[in-house]
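So the chains spell out like this:
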Amino acid sequence: MEYEHRDIEQRWQATWEKEGLYRSKVDWSRPKHYALTMLPYPSGDLHMGHWYAMTPSDARARYMRMKGYNVLFPIGFDAFGLPAENAAVQRNIHPAKWTHENIDRMRAQLRSMGAMFDWEREAVSCYPNYYKWTEWFFKKMFEHDIAYRSEAMVNWSPTLQTVLANEQVIDGKDERTGQPVEQRMMEQWFFALTKYADELLSFEDIDWPEPIKTMQINWIGRSEGAEVIFVTEVGDEIVVFTTRPDTLWGATFMVLAPEHPLVDALTTDEQRAAVDEYRKAAAAQSELERMEESREKTGVFTGGYAVNPVNQERIPVWIADYVLLSYGTGAIMAVPAHDERDFEFARQFGLQISPVIQPAGRDELVEPEMTESYVGPGVMVNSGPINGVETTDAKGRANPSVAAAIDWLEEQGAGREAINYRVRDWLISRQRYWGSPIPMIHRSDGGIEAVADGDLPVVLPEDVEFTGRSPLGETESFLETTDSAGRPARRESDTMDTFMCSSWYWFRYLSPDYDEASFDPQEAAYWLPVDVYTGGAEHAVMHLLYARFFVKAMRDMGVFDDTAAVMEQHGRDPDGLFDEPFLLLRNQGQVLGAERIGDTVVIDGDWDQGRLIASSVRVDPEAAPDAGVVVGELWRRTENLLQVKTATELVGVEVAPDAAVEIPTIPGSNDVTQLKHHLEIQRMSKSKGNVVNPDALVQEFGADTVRTHLMFAFEWQKGGPWDERGIAGSRRFIEDVWKLGTALYSTEGVDQAASLALLRTVHQTIAKVDEDLAEFKWNTAVAALMTLRNTMQDALRVGNVSPEAWREAVETLFKLLAPIAPHIAEELWHRLGHEESVHVQAWPEADPEIAAEDVVTMVIQVNGKVRDRLDVPAAISAEDAEAAALAAEKVQSWLKQGEVRKVIARPPKLVNIVVS
RNA sequence: GCCCGGAUGGCGAAACCGGUAGACGCGGCGGACUUAAAAUCCGCUGUCCCCAGGGACGUGCAGGUUCGAGUCCUGCUCCGGGCACCA
């Protein structure tokens, strides 16, 4: 009987749908499990990344279901965003139409996965019944002073014609298009994310990957120190944040950001021209240009002075672009003796350097001899009240000198302990069309008010023109409105960052049609919080940070109060359940395209029968075309064979054993194997156009095979380049399962031992697969199933196990395979005569007694080296093991080499005999 | 510069608490079947030495702890990622 994946998969998908197998309902009598996979953006087609992310999530959800949990595994679409608007501009398709068409196509593709999505809970963020609540959340935030409007320096993307959040700008470029952004002063809507900075730093009750936690911690960037007030000679106060208040006595000048508001007042007439010029130059530079510049310090003296509050010294105030307005207070006290940047600046402009730390175990610092700042530990000197206090490498109050300085400053009223964060409030306005409108009204008297609840949602007007700029600001019929008092007013024309929509979508899944609130407390009380969340790590400081912030804000705004009440009715303690959205997070890696171009290599050597025998291989990206016998791109390497693509042909090169290999980026002696790394580095670069289309693979091999292969071929958290040859092995496995499931099993003389041996493997496999699926180790789970396949094939060939044992093996195989390859498991399960779905069966339990080996291979080592192996009973005693080892034939000659000093017996696996 | 993660065959990868390194698969080689090829089946496949029995070496590098180290400790190298004139 042939395995026809197309027929089987389509048939079962239709049946499951018809029977509502994956509908999930609240059932307080059963334990719940909310499994969530990151919702896709409807970009047009499902790609390999979606499959790689979602099919293991689905397998995990199915596994949990078979383990007895009532599982919710929903899906939806993050449907607002720029690509839809770009399509409108480029191809004259309305964003709504483009989006809906893509969603339709992707729904079909998602169904082809055979995932247990509960489609009745689907939520789509661009539907009015969804974004009504996105707007409602904004309004709620506004009422609670979490949303506010403010003028600030923001990132403006000329390419996208909108502002962007800090999280969406990487190295001065927009993270999606890679185009540079500019800094502009603009009035925009913000969410007060920084209010939650400290709480966001704690990951105490959640199980998240270390790298994600670190990224969020880095991004939030908490620094402990003090705020110190300096007074200028014209009487203004300059507030400075410093992590080293202990070095205040060494502060010999101040530096303000060029844009700092006090610069004007400070600047003297003599310096005004120079200051204005510097400020103009700084303003003209983009963030990107500032970063690309060499780190040579530039700056201008304002002519003004301030007083150092600790010693009343008069110190000059400069401006320089190494001080950023966006960090801290935009002003610093400069301590050149103990800060690298300040030191450089002082040397550049001949400013005073006053050491205040006596380095531990070193000579006294003498200013003219210093060639660099001293940042190590020591003892405070020339520092008045804190003289003699020890200073260490510790941060904040943990450093005795810092603690002493803070105490003294607070006593004197010259400063106070302070904490500064790198993270900024979340800028959520976007000057774009295809997003959720901001439900605010600008009154004619200059005030701002929210749209009344009854008028939500503010619906996006459909009949607008797309030119590349947001049409909302030019659509009078949209803008014209009245305020709550009935006076003429204007609507806010900006829309919200689409990350806003995805910051609460898993709540909407609970009740996508619910009309009275953003979610139904009856559903939420049962399902919340999300137990397992899976998706890409690229969202570390965007979606995953925003989502945490959002839930904490929702909690504080009382959004969960009704839910908590329902929980209590059912005897569930709501305490702490609304602090974090996702209890456990796992990230998959990325599947990369296979094709890539390697670096240029220069090869010298001699030709031998059409092949070049290389005497030297050198990696040199800038080599001239005639630099060697062969010069070209490194294309492939297998052992010492290279393929090099020159301008005209693909040349085979054999690298001689004594050939010189030179790879500039890898110092020391190189060899051929290191060229491998070189190829991989190239491969990892984000090159376009190497997309593997999952639809074609599903057509050819079937969803079950694609699912299995994606789970088997990579370490899931790591990912890697796609190798199309490997999938054959997974297909073979699926076909072998088919053959095992459809084979006519006949016995020729049942062998009790063979039956027990088969069942032993079966139960070992249960234990292994169970453990691996629990821990997201798909590849070893599949490997264990393949091992079971091998054992069963042998048993089938010999035909000597009992029909009962065979039946148990086959049924167990199908159940264990069901989460991974749901269609074939279901088909074969039914062919065994079962009426009920395999997916509602109880997960098999491993019987440790059946799984236990009775005979074990015991390793016998002499001085730690394996010298013999013996088959021994698993229950062997230490004495017997030792005796057997000493008597083992192959160890005798080794024992003669000295006296037996010691025998370490670890029965039944190992005995080590120490001889000397 | 600071902070995370990593490095194991030709390739993707396994390895519980320190106890047989390389499970499982891909690829390769040899064989069977076939007119032939594909598919399928069987065997071999870390490197080196050896007629064989067997031996030596081997988890990025250098040390250390231990009867025993891929695993623990110290110091490095390289790769990937995050943050970065961050005060």
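None of these values were measured; they are calculated from a predicted model.

Undergrad: Looking at this model, I keep getting lost on the overall build of chain A. Mind explaining?
TA: Each helix and strand counted, chain A has 29 helices and 39 strands in total. Expressed as a percentage of its 916 residues, the buried residues of chain A come to 53%. Look at the contacts in chain A between residues 6 or more apart in sequence, and 71% of them connect residues 24 or more apart. Carbon and sulfur atoms form 48% of the exposed surface of chain A, whose accessible area is close to 41,300 Å².

Undergrad: How should I be thinking about the sheet that holds strand S9 (residues 182-191) in this particular structure?
TA: In a beta sheet, neighbouring strands are held together by backbone hydrogen bonds and run either parallel or antiparallel to one another. The four strands lie next to each other as S6-S5-S9-S20, forming an open sheet whose pairing is antiparallel. The open sheet is flanked by strand S6 (162-164) and strand S20 (426-427), the only strands paired with a single partner. Bridging between strand S5 (residues 147-157) and S6 involves three bridges; their strand directions are antiparallel. The residue of S6 that forms the bridge with Ser157 is Thr162. Where helix H5 (residues 128-143) meets the sheet, its contacts fall on S5 and S9, and the angle it forms with S9 comes to roughly 90°.

Undergrad: Looking at this model, I keep getting lost on the environment of Ile419. Mind explaining?
TA: As for its position among the elements, Ile419 is in strand S19 (residues 415-421). Classification of Ile419 as partly exposed rests on a relative accessible area of 39%. For the pair formed by Ile419 and Glu224, sequence separation is 195 residues and the distance between their alpha carbons is 4.6 Å. In this structure, Ile419 is in contact with Arg222, Ser223, Glu224 and Phe241, ignoring residues within four places of it in sequence.

Undergrad: Hey, could you run me through the protein's contact with RNA strand B in this one?
TA: Residues in contact with RNA strand B amount to 58 residues; listed here are only the nearest, Tyr327, Arg341, Arg422, Ala713 and Arg732. A share of 68% is what sugar and phosphate atoms reach among the atoms of RNA strand B within 4 Å of the protein. Side-chain polar atom of Arg732 to a phosphate oxygen of RNA strand B: 2.3 Å apart, as the coordinates give it. With respect to RNA strand B, the side chain of Arg789 contributes an N or O atom lying 2.8 Å from a phosphate oxygen. The greatest single-element share of the surface near RNA strand B, amounting to eight residues, is contributed by helix H24 (residues 778-798). Per-class residue counts for the surface near RNA strand B are 22 nonpolar, 15 polar and 21 charged.

Undergrad: Explain the environment of Ser223 to me, please; I cannot follow it from the model alone.
TA: For Ser223, the position within the fold is in strand S10 (residues 222-232). Separated by 173 residues in the primary sequence, Ser223 and Gly396 have C-alpha atoms spaced 7.8 Å apart. Of note is the side chain of Ser223, whose polar atom sits 3.2 Å from the side chain of Tyr327.

Undergrad: Before we go on, may I ask you to explain the nonpolar core in this structure?
TA: A general tendency of soluble globular proteins is for nonpolar side chains to be buried together. Core analysis: the largest hydrophobic core is formed by 180 residues, its most contacted members being Tyr34, Phe138, Phe191, Trp426, Trp506 and Phe549. For this core, the domains that each give at least three residues are domain 1 (136-201 + 425-499) and domain 4 (722-851). Contacts of Phe549, omitting those with residues within four sequence positions, involve Met141, Ile146, Phe191, Ala192, Leu193, Tyr196, Leu200 and Trp426. Counting 51 residues, the second-largest nonpolar core is a separate cluster that includes Ala226, Leu248, Val275 and Val335.

Undergrad: Teacher, can you tell me more about the confidence of the model for chain A here?
TA: The predicted coordinates ought not to be read in detail in places where the model reports low pLDDT. The pLDDT averaged across chain A works out to 89; a share of 90% of its residues lies at or above 70. pLDDT under 50 marks residues 680-689. Its contacts with residues more than four places away, or in other chains, come to 10 contacts.

Undergrad: Can you walk me through the packing of aromatic side chains in this structure?
TA: Inspection of every chain in the model, using the stated rule, returns 50 aromatic pairs. Seen from their ring centres, Trp318 and Phe349 are 4.8 Å apart, and the 45° between their planes marks the pair as tilted. Placement of the pair is Trp318 in strand S14 (residues 314-319) and Phe349 in helix H11 (residues 340-349), with a sequence separation of 31 residues. Seen from the ring of Trp16, Arg62 lies directly overhead, with NZ or CZ sitting 5.5 Å from the centre.

Undergrad: Hey, could you run me through helix H4 (residues 95-111) in this one?
TA: Taking 1.5 Å of rise per residue, 17 residues should cover 24 Å, and H4 covers 24 Å from first to last C-alpha, within 8% of that figure. Those residues of H4 that fall on the buried side of the exposure criterion are Pro95, Ala96, Trp98, Thr99, Asn102, Ile103, Met106, Arg107, Gln109 and Leu110. Across the axial projection of H4, the buried residues extend over an arc of 165°, all falling on one side. Where H4 is buried, its residues meet helix H2 (48-66), strand S3 (76-77), helix H3 (82-91), strand S4 (123-124) and helix H20 (694-701).

Undergrad: Would you take a moment to explain the sheet that holds strand S18 (residues 390-391) for this structure?
TA: Taken in spatial order, the three strands line up as S16-S17-S18 in an open sheet, and their pairing is antiparallel. Single-partner strands in this sheet number two, and they are strand S16 (357-359) and S18.

Undergrad: Sorry if this is basic, but what is going on with unusual backbone geometry here?
TA: Residue Pro457 follows Leu456 across a cis peptide bond; omega there is 0°. Along the chain, Pro457 turns up in the loop between strand S23 (448-450) and helix H13 (476-479). Here the amide bond leading from Leu528 into Pro529 is cis, since omega sits at -10°, within 30 degrees of zero. With respect to the helices, strands and loops of the structure, Pro529 is situated in the loop between helix H16 (521-527) and strand S27 (532-536). One non-glycine residue with positive phi stands out, namely Asn382, at about 50°.

Undergrad: Would you mind showing me how to read the packing of helix H22 (residues 727-742) against H24 here?
TA: The angle between the axes and the distance between the axes are what describe a pair of packed helices. Two elements in contact, H22 and H24, have axes separated by 10 Å at closest approach and are oriented at 45°. Of the possible angle classes, the one that applies to H22 and H24 is oblique. The handedness of the crossing between H22 and H24 is left-handed. Residue-level inspection shows Gly729, Arg732, Phe733, Asp736 and Leu740 of H22 in contact with H24, the latter providing Leu785, Met786, Arg789, Met792, Gln793 and Leu796. Residue composition of the contact of H22 with H24, grouped by class: six nonpolar, two polar and three charged.

Reading the values: rules and limits
Residues numbered from 1 in each chain as written. Chains lettered and ligands numbered in written order. Predicted model: local features only at pLDDT ≥ 70, side-chain atom pairs only at ≥ 80, totals over all residues. Heavy atoms only, no water. Helix = DSSP H or I, 4+ residues; strand = E, 2+ residues; numbered from the N terminus. Buried < 20%, exposed > 50% of the residue type's maximum accessible area, 1.4 Å probe, protein only. Contact = heavy atoms within 4.5 Å. Areas by Shrake-Rupley, 256 points an atom, 1.4 Å probe, with all protein chains shown as cover. Pairing = 2+ DSSP bridges. Axes fitted to C-alpha atoms, helices over the stretch in contact; angles between N-to-C directions. Near = heavy atom within 4 Å. Polar contact = N/O pair within 3.5 Å; in protein donor to acceptor, adjacent residues only side chain to side chain. Nonpolar A, V, L, I, M, F, W, Y, C, P; charged D, E, K, R; others polar. Core = buried A, V, L, I, M, F, W, Y, C linked by side-chain atoms within 4.5 Å. Domains from an automatic or database assignment. pLDDT = per-residue confidence, 0-100. Phe/Tyr/Trp six-rings, centres within 6.5 Å; stacked < 30°, edge-to-face > 60°. Lys NZ or Arg CZ within 6 Å of the ring centre and 35° of its normal. Expected span 1.5 Å × (residues − 1). Arc of directions from axis to C-beta. Parallel < 35°, antiparallel > 145°, perpendicular 65-115°, else oblique. Left-handed = near helix turned anticlockwise from the far one by under 90°.

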